[in-house]
Amino acid sequence: MKKTPSPETQNNALAMAKATQKPGQTKEQTKLIAAGIEKGIAEYKKREKAKSRDRDKARKQQLKVKSNNHQIDDTDMYQGEPNSQMTTAAWSLLGLLLLSWAGFAVYMFMA
């Protein structure tokens with residue numbers, strides 16, 4: 001499906017073709033040059049649109065990766081550090097409990 005260039009693009013192409021017109025150049029030649037310029041403008045717009053899409057995809061993918069990394073960091077922080085601190089605290093409390101039972105047992109058997 002071929003799209004015809006916008007009237008603005010056609011006018012710009014014709015103006016550029018007339019600006020570069022050589023002496024003795026016919027109107028037909030000028031129109032052919034204008035058509036070539038229109039094709040060039042259309043190709044340029046097509047390429048820029050594709051580049052813009054690619055940049056947008058890359059930006060969205062970076063945001064997604066960054067978001068995923070941020071979520072993983074948050075879950076690691078909440079899961080990793082409290083567990084190691086709880087383990088140390090639990091062992092300390094267990095040790096104190098065993099020490100107090102041992103002290104109580106010694107007190108009961110010595111008295």
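Residues numbered from 1 in each chain as written. Predicted model: local features only at pLDDT ≥ 70, side-chain atom pairs only at ≥ 80, totals over all residues. Heavy atoms only, no water.

(A) Layout of a nonpolar patch on the surface. Together, W91, L94, L97, L98 and W101 give the surface a local cluster of nonpolar side chains, amounting to about 570 Å² of exposed area. Relative to the helices and strands, L94 resides in helix α2 (residues 27-110). Residue L94 is classed as partly exposed on the basis of its relative accessible area, which comes to 38%. (Patch = residues over 30% accessible without salt bridge, like charges linked within 9 Å, V, L, I, M, F, W, Y side chains within 5 Å. Areas by Shrake-Rupley, 256 points an atom, 1.4 Å probe, with all protein chains shown as cover. Salt bridge = Lys/Arg side-chain N within 4 Å of Asp/Glu carboxyl O. Helix = DSSP H or I, 4+ residues; strand = E, 2+ residues; numbered from the N terminus. Buried < 20%, exposed > 50% of the residue type's maximum accessible area, 1.4 Å probe, protein only.)

(B) Structural view of a positive patch on the surface. Residues K3, K49, R53 and K57 make up a contiguous surface patch of positive charge. With respect to the helices, strands and loops of the structure, K3 is situated in the segment before α1 (7-19). Here K3 falls in the exposed class, since its relative accessible area comes to 73%. (Lys, Arg positive; Asp, Glu negative; His and termini not counted. Charge placed at Lys NZ, Arg CZ, Asp CG, Glu CD.)

(C) View of the environment of T4. Among the structural elements, T4 can be located in the segment before α1. Since its relative accessible area comes to 70%, T4 is described here as exposed. Sequence-wise, T4 and K39 are 35 residues apart; in three dimensions their C-alpha atoms are separated by 9.9 Å.

(D) How the structure looks around the environment of S6. As for its placement among the helices and strands, S6 is situated in the segment before α1. There is a polar contact of 2.9 Å between the side chain of S6 and the side chain of T9. (Polar contact = N/O pair within 3.5 Å; in protein donor to acceptor, adjacent residues only side chain to side chain.)

(E) How the structure looks around the pattern of salt bridges. If you walk through the whole model with that rule in mind, you get 3 salt bridges. In this structure, D56 and R59 form a salt bridge, with 2.7 Å as the shortest nitrogen-oxygen distance. One end of the pair, D56, and the other, R59, are both in helix α2, 3 residues apart, so they sit about a helical turn from each other. Of the residues examined, D56 reaches a relative accessible area of 29% and is grouped as partly exposed. The exposure class of R59 is partly exposed, given its relative accessible area of 43%. The salt bridge involving D56 is made with K60; its shortest N-O contact spans 3.6 Å.

No statement about biological role is implied by the geometric values presented.
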